[in-house]
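Read off the chains here:
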Amino acid sequence: RRRCRRVLYWIPVVFITLLLGWSYYAYAIQLCIVSMENTGEQVVCLMAYHLLFGMFVWSYWKTIFTLPMNPSKEFHLSYAEKELLEREPRGEAHQEVLRRAAKDLPIYTRTMSGAIRYCDRCQLIKPDRCHHCSVCDKCILKMDHHCPWVNNCVGFSNYKFFLLFLAYSLLYCLFIAATDLQYFIKFWTNGLPDTQAKFHIMFLFFAAAMFSVSLSSLFGYHCWLVSKNKSTLEAFRSPVFRHGTDKNGFSLGFSKNMRQVFGDEKKYWLLPIFSSLGDGCSFPTCLVNQDPEQPSTPAGLSSTAKNSENHQFPAKPLRESQSHLLTDSQSWTESSTNPGKCKAGMSNPALTMENET
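Owing to the predicted nature of the structure, the values given are computational and were not obtained by experimental measurement.

**Digging into the environment of Leu52**
Then, in step 1: In this fold, Leu52 is placed in helix α3 (residues 39-65).
Then, in step 2: On the accessibility criterion, Leu52 (15% relative accessible area) is buried.
Then, in step 3: For the pair Leu52 and Leu170, spaced 118 residues apart in sequence, the C-alpha to C-alpha distance is 9.8 Å.
Then, in step 4: In this structure Leu52 touches Leu171, Tyr172 and Phe175, once residues within four positions along its chain are discounted.

**Comments concerning the UniProt feature "transmembrane region" (unreviewed entry) in the chain**
Then, in step 1: According to UniProt, the positions carrying the feature "transmembrane region" (unreviewed entry) are residues 7-27, 39-61, 161-179 and 199-221.
Then, in step 2: Taken end to end, residues 7-27 has its terminal C-alpha atoms 30 Å apart, with 95% of it in helix and 0% in strand.
Then, in step 3: In the segment residues 199-221, helix accounts for 100% and strand for 0%; the C-alpha atoms at its two ends are 33 Å apart.

**Some points on α3**
Then, in step 1: For α3, built from 27 residues, the straight-helix expectation of 39 Å at 1.5 Å per residue is met to within 8% by its first-to-last C-alpha distance of 38 Å.
Then, in step 2: Of the positions making up α3, those classed as buried are Gln42, Cys45, Tyr49, Leu52, Phe53, Met55, Phe56, Ser59, Tyr60, Thr63 and Ile64.
Then, in step 3: In the core, the buried residues of α3 are packed alongside α2 (11-35), β8 (152-154) and α6 (159-188).
Then, in step 4: Where α3 begins, one side-chain oxygen reaches toward the backbone nitrogen of Gly40, 2.9 Å away; that side chain belongs to Asn38.

**As for a positive patch on the surface**
Then, in step 1: Taken together, Arg1, Arg2, Arg3, Arg5 and Arg6 make up a surface patch of like positive charges.
Then, in step 2: Its place among the elements puts Arg5 in helix α1 (residues 2-9).
Then, in step 3: Assessed through its relative accessible area of 42%, Arg5 is described here as partly exposed.

**A look at the packing of aromatic side chains**
Then, in step 1: Inspection of the entire model under this criterion finds 27 aromatic pairs.
Then, in step 2: With 5.4 Å between their ring centres and 50° between their planes, Phe241 and Phe250 make a pair best called tilted.
Then, in step 3: Residue class for Phe250 comes out buried when judged on its relative accessible area of 2%.
Then, in step 4: Aromatic side chains Phe262 and Trp269 sit 5.7 Å apart centroid to centroid with 40° between the ring planes, which places their arrangement in the tilted category. Taken individually, Phe262 and Trp269 each receive the classification buried, so the pair is uniform in this respect.
Then, in step 5: Ring-pair connections join several aromatic residues into one group, and the members of that group are Tyr24, Tyr27, Tyr49, Phe53, Phe56, Tyr60, Phe162, Phe165, Tyr172 and Phe175.

**Section: the nonpolar core**
Then, in step 1: Counting 49 residues, the largest nonpolar core has Tyr27, Tyr49, Tyr60, Tyr159, Tyr172 and Phe262 as its most contacted members.
Then, in step 2: Looking at this core, the elements that each hand over two or more residues are α2, α3, α6, α7 (196-228) and α9 (254-262).
Then, in step 3: Tallying contributions element by element places α6 first for this core, with 16 residues.
Then, in step 4: When sequence neighbours within four positions are dropped, the list of residues in contact with Tyr60 reads Val13, Ile16, Trp149, Val150 and Phe165.
Then, in step 5: Counting residues in hydrophobic clusters, the runner-up holds 23 residues, among them Ile107, Tyr108, Ile125 and Phe283.

**Points about the pattern of salt bridges**
Then, in step 1: Going through the model one piece at a time under the given rule, you end up with 4 salt bridges.
Then, in step 2: Note that Arg259 and Asp264 form a salt bridge whose closest N and O atoms lie 3.1 Å from each other.
Then, in step 3: In this structure, Lys267 engages Glu265 in a salt bridge whose closest nitrogen and oxygen atoms are separated by 3.5 Å.

What counts, and at which threshold
- Residues numbered from 1 in each chain as written.
- Predicted model: local features only at pLDDT ≥ 70, side-chain atom pairs only at ≥ 80, totals over all residues.
- Heavy atoms only, no water.
- Helix = DSSP H or I, 4+ residues; strand = E, 2+ residues; numbered from the N terminus.
- Buried < 20%, exposed > 50% of the residue type's maximum accessible area, 1.4 Å probe, protein only.
- Contact = heavy atoms within 4.5 Å.
- UniProt positions renumbered as here; feature names shortened; annotations may be inferred.
- Expected span 1.5 Å × (residues − 1).
- Polar contact = N/O pair within 3.5 Å; in protein donor to acceptor, adjacent residues only side chain to side chain.
- Patch = residues over 30% accessible without salt bridge, like charges linked within 9 Å, V, L, I, M, F, W, Y side chains within 5 Å.
- Areas by Shrake-Rupley, 256 points an atom, 1.4 Å probe, with all protein chains shown as cover.
- Salt bridge = Lys/Arg side-chain N within 4 Å of Asp/Glu carboxyl O.
- Lys, Arg positive; Asp, Glu negative; His and termini not counted.
- Charge placed at Lys NZ, Arg CZ, Asp CG, Glu CD.
- Phe/Tyr/Trp six-rings, centres within 6.5 Å; stacked < 30°, edge-to-face > 60°.
- Core = buried A, V, L, I, M, F, W, Y, C linked by side-chain atoms within 4.5 Å.

Written as structure tokens, this is what we have:
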């Protein structure tokens, strides 16, 4: 049964591959070589076409075959902790086990009820922006959505590739529609004799124009998500922090949001090469509202008080690739009295934990 499902999941990918192969034959052979009479036009169109075709195939391939990243082992419960969870009834004792397991993890998002996000299926504490995919049956770091057209989860490891796939597929369709338009009009008005190329050229224009409309809206939507540093899931349901829901909790400004996805070196931005910042398990935040239960401390001072009611994150900085995105070099334990100032994180007060459904 699972094998049958796996085969069915590949049908959309096979459809796109066959459509892409046909478009190559229709454009390169029937349009450029058979229908175009000007040699210069043939050379220019074929060179530009093969460049877009190559980038389209490359980014599509990377989106499909780049494995989604899963939470690192520090978020998994140990064997002893799993045994304790199985023995303890659902309640305070059950939550105490999770409290000890999560006390040193850099997690700031919560469930709607304010509890630590825990996955029963994978038996791990979910990192920020991580979600369980029912199709892959795994927890995916910074999960955006499961895309049937690539038969893969779009998340931290391949989100840049997915964006480039949308961009190059849109450019591919626009280029075909623009260069095919004059020949489409000639065949439509019977300005050219009926040949085998007529069907390919006319249908190629319709297909390119149709896909251009749908791709432009989808690509525009994901560009907006990148500018706001949101995933598709976060756009539909805003992340919940200890102080409450904050739809802009991960937004660091347009420039830094772009760099978080595409990286610091602009020469890699247009290439399907992984250059995203961070490790997918922790993200810098810019929290607009202060946690009402968090004690205020002078700006720039680290809070060191630790007790059973108010646990602080260990004084470790963000990973190097993330820390420079912040306005100030702050550690996990720094807090500020200015509610509008960007922060790497906030203190971790007494945690209420329950399983997320």
